[in-house]
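Working through the structure, step by step
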Amino acid sequence: MSARPGIFITFEGIDGSGKSTQARLLAEALGAAGHDVVLTREPGGSEGAEQIRALVLEGEPERWSPQTEILLFTAARRDHLEKRIWPALEAGRIVISDRFADSTRMYQGLRRGDLRAQVDGLHRMMIGTEPDLTFVIDMDPATGLARAKGRQGGEERFEDFGEGLQREMRAGFLALASADPARFRVIDGARPVEAVAADVLARALDRLGEPVR
Ligand code: ADP
Ligand code: TYD
């Protein structure tokens, strides 16, 4: 475990894989077990970061250059860390975030040209923090896209890049996971919600050093 008193857990994966659903269910289960849990999301999670979320997810897809986009996601993350994540971890709470820096590594780092080095450089300089535990909810992009498209709302920018890109990202998330098995757990998301949730909870309890009930 890390030196900070709290535990930082993130959910990652392609759009529609079930991250938000599973993050919420894990927060509820750990809360019911007596843990002090903060459930949050990116982009967003703090007042300033939610304002940046609107800038990056709404409006013209080509509104920002790739570099500006990396800066905006990183600025949002820095605010989220300062205002919400770091204070909660210092207070010994469990922070569960629906997406974090691995999303920038994939969505910005893979999408246009070779931007991964810039993503990594900015992360080192401005973020530094890595989660203690990251769940990659893995699934076939066609299924994920169909699920994501079923939702309402004006935030479709990245979903609109289509199945080819989602396929690359799926492979990218799996590659991140195999490079760091201590932090990542890959979860098969193509099962009923309850089965996925039971799997996630068992692995989270294992990481917390608690018996699986
Ligand atoms: P994400 O946060 O990864 O985009 P969501 O949790 O928002 O995914 O789920 C996307 C959609 O799929 C929602 O309508 C949700 O109710 C549904 N969904 C989530 N998990 C499952 C599952 N295991 N099986 C079927 N549908 C699911
Ligand atoms: P999210 O609300 O999690 O979308 P979904 O529920 O469809 O997975 O995230 C919104 C979009 O923002 C999503 O398409 C992924 C994208 N994103 C990035 O491109 N970079 C980032 O750093 C983050 C956190 C999200």
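Below or above, wherever it landed, is the structure these notes cover. Quick caveat, the model's predicted, so the values are computed rather than measured.

**Some words on the overall build of the chain**
The helix and strand inventory of the chain stands at 8 helices and 5 strands. Expected size for 213 residues packed as a compact globule is a radius of gyration near 17 Å; at 16 Å, the chain falls within 12% of this value. Overall, the C-alpha framework of the chain stretches about 50 × 35 × 35 Å when taken along its three principal axes. For the chain, with 213 residues in total, the buried portion stands at 49%. For the chain, contacts bridging at least 24 residues in sequence account for 76% of all contacts bridging at least 6. Between the averaged position of the 29 positive side-chain charges in the chain and that of its 34 negative side-chain charges there is a distance of 1 Å.

**Notes on the packing of helix 1 (residues 19–32) against helix 8 (residues 193–208)**
For the pair helix 1 and helix 8, the least separation of the axes is 10 Å and the interaxial angle reads 55 degrees. Comparing their axes, helix 8 and helix 1 come out oblique. When you trace helix 1 past helix 8, the crossing you get is right-handed. In contact with Thr21, Gln22, Leu25, Leu26, Ala29 and Leu30 of helix 1, helix 8 contributes Val193, Val196, Ala197, Val200, Leu201, Ala204, Leu205 and Leu208. Grouping the constituent residues of the contact of helix 1 with helix 8 by class yields 12 nonpolar, 2 polar and no charged.

**Concerning the site of ligand 1**
Residues in contact with ligand 1 amount to 14 residues; listed here are only the nearest, Gly16, Lys19, Ser20, Thr21 and Arg191. The contact in question runs from an oxygen atom of ligand 1 to an N or O atom on the backbone of Gly18, over 2.9 Å. Contact with the protein chains removes 72% of the 550 Å² of surface that ligand 1 exposes when unbound. When grouped by side-chain class, the residues that make up the shell around ligand 1 number 3 nonpolar, 6 polar and 5 charged.

**Focus on the sheet that holds strand 1 (residues 7–12)**
Spatially, 5 strands are ordered 2-3-1-4-5 in an open sheet, and the strand pairing comes out parallel. Of all the strands in the sheet, the pair left with one neighbour each is strand 2 (37–41) and strand 5 (184–188). Neighbour to neighbour, the strand axes of the sheet diverge by 20 degrees on average, direction disregarded. Of the strand pairs in this sheet, strand 1 and strand 4 (residues 133–138) are connected by 4 bridges, and their pairing is parallel.

**Quick look at the pairing of strand 2**
Within a regular strand, side chains alternate between the sheet's two faces. Burial of strand 2 is one-sided: the residues Val38 and Thr40 facing one way are buried, the residues Val37, Leu39 and Arg41 facing the other way are not. Pairing between strand 2 and strand 3 (residues 94–98): 5 bridges, direction parallel. Within strand 3, the position partnered with Arg41 by the bridge is Asp98.

**Observations regarding the pattern of salt bridges**
Counting across every chain of the model gives 20 salt bridges. Its salt-bridge partner being Arg191, residue Asp199 comes within 2.8 Å of it at the nearest N-O pair. As a salt-bridge pair, Arg203 and Asp199 come within 2.9 Å of each other at their nearest N and O atoms. One end of the pair, Arg203, and the other, Asp199, are both in helix 8, 4 residues apart, so they sit about a helical turn from each other. When salt bridges with common partners are traced through the structure, they connect Asp102, Arg105, Arg116, Asp120, Glu130, Asp180 and Arg183 into a single cluster.

**Some details on the side chain of Lys19**
Here Lys19 lies in helix 1. No salt bridge is formed by the buried Lys19; its nearest oppositely charged neighbour, Asp98, is found at 5.0 Å. A polar contact is formed between the side chain of Lys19 and the backbone oxygen of Ile14, at a distance of 2.9 Å. If near-sequence neighbours (up to four positions away) are discounted, Lys19 is found in contact with Phe11, Glu12, Gly13, Ile14, Asp98, Arg99 and Ile137.

**Let's talk about helix 3 (residues 66–90)**
The first and last C-alpha atoms of helix 3 sit 33 Å apart over 25 residues, in line with the 36 Å expected at 1.5 Å per residue. For helix 3, the principal kink sits at Leu81 and spans about 50 degrees. Positioned one or two residues after helix 3, Gly92 has a phi angle of 80 degrees, which is positive.

Conventions adopted
Residues numbered from 1 in each chain as written. Chains lettered and ligands numbered in written order. Predicted model: local features only at pLDDT ≥ 70, side-chain atom pairs only at ≥ 80, totals over all residues. Heavy atoms only, no water. Helix = DSSP H or I, 4+ residues; strand = E, 2+ residues; numbered from the N terminus. Rg over C-alpha atoms; globule rule 2.2 N^0.38 Å. Buried < 20%, exposed > 50% of the residue type's maximum accessible area, 1.4 Å probe, protein only. Contact = heavy atoms within 4.5 Å. Lys, Arg positive; Asp, Glu negative; His and termini not counted. Charge placed at Lys NZ, Arg CZ, Asp CG, Glu CD. Axes fitted to C-alpha atoms, helices over the stretch in contact; angles between N-to-C directions. Parallel < 35°, antiparallel > 145°, perpendicular 65-115°, else oblique. Left-handed = near helix turned anticlockwise from the far one by under 90°. Nonpolar A, V, L, I, M, F, W, Y, C, P; charged D, E, K, R; others polar. Near = heavy atom within 4 Å. Polar contact = N/O pair within 3.5 Å; in protein donor to acceptor, adjacent residues only side chain to side chain. Areas by Shrake-Rupley, 256 points an atom, 1.4 Å probe, with all protein chains shown as cover. Pairing = 2+ DSSP bridges. Salt bridge = Lys/Arg side-chain N within 4 Å of Asp/Glu carboxyl O. Expected span 1.5 Å × (residues − 1). Bend = angle between axes of the 7 residues up to and from the residue.

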